[in-house]
Structure formats: C-alpha cells, structure tokens
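# Analysis of the macromolecular model
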Amino acid sequence: MTNRLKDRVALIAGGGQIPGATIGNGRATAITYAREGAKLAIADKDLALAEETVRMLIDEGAEAIAIEGNVTDESDCGRFAEETLKRFGHIDVLQNNVGVSTGDSGPTEITVEAWRFLLDVNLTGMLLTAKSVLPAMQEQRSGVIINISSMLSVTSDSDVKGSAIDESHGQVAYRVSKTGVNSLTESLAMSQAPYGIRVNAILPGLMQTPTAIEMLMAETGASREELNRVRDAQVPLGGKQGTAWDVANAALFLASDEARFITGALLPVDGGQSLRRG
C-alpha cells in the first residue's frame, strides 16, 4: 500500500456485481482504492451486492458505506451524493461504472424500448451522477470523474466473433451510448477545468468480468472455455483478455495526483484491440 488516495472519498456508481467466476470492474476498483487509503461509498441498484462489496472493503481496513439506487433516477443520484457527503464530508472521486447491453441488436431489429433503455442507463445515468457531485466538487475546487466507456466506441470490431458466438446482429445502441460517454467526458472536462475538476474515460476491451462472460454464456449457450478461447484470440497483446484489475489500476492512476495534468483523456485498456480500426 502506498496511500496514493489517503483520506480521499470515492463514490462508485455500480460498485456491486452479478455473481461470476471473476471480479467486476466496479468491485475491483473499490478494493484497489481502499488499499490506497480511500474511503468508499458504493452505490448499486441491488443493495445486497453493494453491501457485499462494502464487507470486502471493511476487511481491507477501509471505511465504506452502501447506497441503494438507480442511476437513471435523478433523485437517487442526488441521494448518492447527499449520503456520501453526510458520512464523509466531501467527494473527491466519482467513478461511473454502470453499463448494460441487454436487448441490443442491429438497427432493423432493435426495439425503441431497448434503444431508450440502453441510452438511459449507459449515457444519461453518467450525466445524472456527475450532475449530483459537481456542486460539491466545484465548491472545493477539485475533483475527479472517471467514466467507464468501451473500446467499441472507437473500433468496428464486434465484441465477440466466431461460429456459435457470433454477434453479427449488431450492438447499435450500446455502441452509440458509449460513443456518447466519450463525448460527455470531453464536454465535462472542458466545462469543469476552471474548477480544478478532471474528467477522463477508460475504454476497456475484452475483459474476463462477470458482466461479459456470464452474460454471454447465458445469451449464446457457449461454454466458458469456448468464449475465452475466441475472445483471447482477438487480443493483440499476449493473446489474452484483460481483467477488472487492469481497469482498476488505470482508474487508480487517473484518480491519483500522478494524473494531475490529465483531463479529457479516453484511455484504452484493451491490449491493443482498438488499434484495429476500420
């Protein structure tokens, strides 16, 4: 432990995770922050999952609270900030980790309901959480916001390719929402720079997280081994997917003073996959 975030307060939206064989981005980041001295507020629509993360953080010796709420509800997002401030007195870091792909498809198959749902969760939710913490960050003249985007926002590669697990039907809403996250990140970085607030995004590539692997297993019927084989083969760096710890380490850097002169960055954490453009 180097205490790079000593006495900092971090609010992580989407800090719980669905069950799986691996760890998710939000939980891994929360643990990484805790090990570096941060105090944590873990927000999730499933309170039990948030509380599970909090128990892990307490085991790490950190102060942490769980907050239940939905990022698509502006009043819930306001409560995320209010309860964090009530407990800890300030907010130094917001990490927007919530993202879904349920119901996505190509442009001729996707329903209007699925389109609106995906944009509401993946994009509007990030605006609402940022809106909730900005007054406190502006008042203290400092703060960091980290948005989790996706490498699909900058590359044409499908998330999964090959035989029984081909997703050639498309991911139109997911991709558009994550491209919107990139633009939102840049817009916030510009508007909040005078307040000393830094805003950056992480673009994960193919990751062995529960949201990726377990959900794909359920959707495609493919085995874990087959999914990992096909996904590993698409990663230029070492032929192996990343893990949530790779995202967490990037987030730690962006949250720390080591990134004090970095804002508006879209940081790929993808083993070079986003280099395959066009």
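Summary of the structure given here.

Definitions and limits used
For every chain, the first residue of the written sequence is number 1, and numbering continues from 1 along that sequence. A pLDDT threshold of at least 70 governs which residues receive local features in this predicted model, and a stricter bar of 80 or more applies before side-chain atom pairs are shown or counted, although totals over entire chains, interfaces and linings include all residues. Hydrogens are left out, water is left out, and the side-chain values use all remaining heavy atoms of the structure. Segments assigned H or I by DSSP are reported as helices when at least four residues long, segments assigned E as strands when at least two residues long, and all are numbered from the N terminus. The size measure is the radius of gyration over C-alpha atoms, and the globule rule it meets is 2.2 Å times the number of residues to the 0.38 power. Here's how the labels work: a residue is buried when its accessible area is under 20% of the maximum for its type, exposed when over 50%, partly exposed in between, all with a 1.4 Å probe on protein chains only. Any two residues having at least one pair of non-hydrogen atoms within 4.5 Å are treated as being in contact. Using a 1.4 Å probe, the Shrake-Rupley method yields the accessible areas, and only the shown protein chains count as cover for residues. Charge assignment in this entry is limited to Lys and Arg as positive and Asp and Glu as negative, and neither His nor the chain termini are counted. By convention, the point assigned to a charge is CZ for Arg, NZ for Lys, CD for Glu and CG for Asp. Two strands are said to pair when DSSP picks up at least two bridges between them. Think of it like this: strands point away, you trace from the first strand over the helix to the second, and a clockwise trace means the crossover is right-handed. Here, nonpolar core refers to any group of buried Ala, Val, Leu, Ile, Met, Phe, Trp, Tyr and Cys residues whose side-chain atoms link them within 4.5 Å. As a rule, the C-alpha atoms of each element are fitted with a line to give its axis, helices using only the stretch in contact, and angles between N-to-C directions run from 0 to 180 degrees. For this classification, under 35 degrees means roughly parallel, over 145 means roughly antiparallel, 65 to 115 means roughly perpendicular, and everything else is oblique. Less than a right angle of anticlockwise turn of the near helix away from the far helix marks a crossing as left-handed, whereas a clockwise turn marks it as right-handed. Gly counts as polar in this scheme, as do all residues outside two lists: the nonpolar Ala, Val, Leu, Ile, Met, Phe, Trp, Tyr, Cys and Pro, and the charged Asp, Glu, Lys and Arg. Here a helix's expected span is defined as the number of its residues, less one, multiplied by 1.5 Å. An arc is given here, and it is the one of the directions from the helix axis to the C-beta atoms. Criterion for a salt bridge: a side-chain nitrogen of Lys or Arg within 4 Å of a carboxyl oxygen of Asp or Glu.

### Overview of the overall build of the chain
A count of helices and strands for the chain gives 8 helices and 7 strands. Its C-alpha atoms give the chain a radius of gyration of 18 Å, near enough to 19 Å, the size a compact globule of 278 residues would have. When the backbone C-alpha atoms are referred to their principal axes, the chain occupies close to 55 × 35 × 35 Å. Put simply, the chain has 278 residues, and 53% of those count as buried. Taking contacts inside the chain between residues at least 6 apart in sequence as the whole, the part at least 24 apart equals 76%. Only carbon and sulfur atoms are counted for the fraction: they give 54% of the accessible area of the chain, which is about 12000 Å². In the chain, 25 positive and 35 negative side-chain charges are present, and the distance between their average locations comes to 5 Å.

### With respect to the pairing of strand S5 (residues 143–148)
By the criterion of burial, S5 is predominantly enclosed, with 6 of the 6 residues buried. Side chains Gly143, Ile145 and Asn147 project from S5 onto one buried face, and the interleaved Val144, Ile146 and Ile148 project onto a second face that is buried too. Where strand S4 (residues 93–96) and S5 come together, 4 bridges link them in parallel fashion. Looking at S5, one finds that Val93 is bridged to Val144. At this point the chain moves from S4, through helix H4 (residues 112–140), to the parallel S5, and the crossover so formed is right-handed. Direction of pairing for S5 relative to strand S6 (residues 197–204): parallel, over a ladder of 6 bridges. Opposite Ile148, over in S6, you have Ile202 as the bridge partner.

### Description of the environment of Phe88
Counting through the fold element by element, Phe88 comes out in helix H3 (residues 74–88). Residues Phe88 and Asp59, 29 residues apart in the sequence, show an inter-C-alpha distance of 19 Å. Those residues in contact with Phe88 that sit more than four places away from it in its chain are Val9, Lys39, Leu40, Ala41, Glu63, Ala64 and Ile65.

### So, the nonpolar core
Counting residues in each nonpolar core, the largest one holds 33 residues, and the members touching the most others are Tyr33, Leu40, Ile42, Leu57, Ile146 and Ile202. Of all elements in the fold, only strand S1 (9–13), helix H1 (25–35), strand S2 (39–44), helix H2 (47–59), S5 and helix H8 (244–255) reach the threshold of two or more residues within this core. Among the elements that take part in this core, H8 stands out by supplying 8 residues, more than any other. Apart from the residues within four sequence positions on either side, Leu57 is in contact with Ala30, Ile31, Ala34, Leu40, Ile42, Ala62 and Ala64.

### Details of the packing of H1 against H8
Between two packed helices, the angle of one axis relative to the other and the distance separating the axes together describe the packing. Direction vectors running N to C along H1 and H8 enclose 50°, while the axes themselves pass 8 Å from each other. When the axes of H1 and H8 are compared, the pair comes out oblique. Judged by the sense of rotation from one axis to the other, the crossing of H1 with H8 is right-handed. Here Asn25, Ala28, Thr29, Ile31, Thr32, Tyr33 and Arg35 of H1 lie close against H8, whose contacting residues are Ala244, Trp245, Val247, Ala248, Asn249, Ala251, Leu252 and Ala255. Looking at the contact of H1 with H8, its residues break down into 10 nonpolar, 4 polar and 1 charged.

### Side note on H2
Along its 13 residues, H2 runs 18 Å from first to last C-alpha, staying within 8% of the 18 Å computed at 1.5 Å per residue. Turning to H2, its buried residues number three or more, namely Leu49, Ala50, Thr53, Val54 and Leu57. Buried positions in H2, seen along its axis, are confined to an arc of 145° and lie on one side of it. Among the structural elements, H1, S2 and strand S3 (64–68) are those in contact with the buried residues of H2.

### Observations regarding the pattern of salt bridges
This structure, assessed with the given rule, holds 10 salt bridges. Among the salt bridges present, the one from Asp232 reaches Lys240, with a minimum N-O distance of 3.7 Å. The class for Asp232 is buried, based on a relative accessible area of 12%. Ionic contacts of the salt-bridge type, sharing partners, join the residues Asp76, Arg79 and Glu83 into one network.

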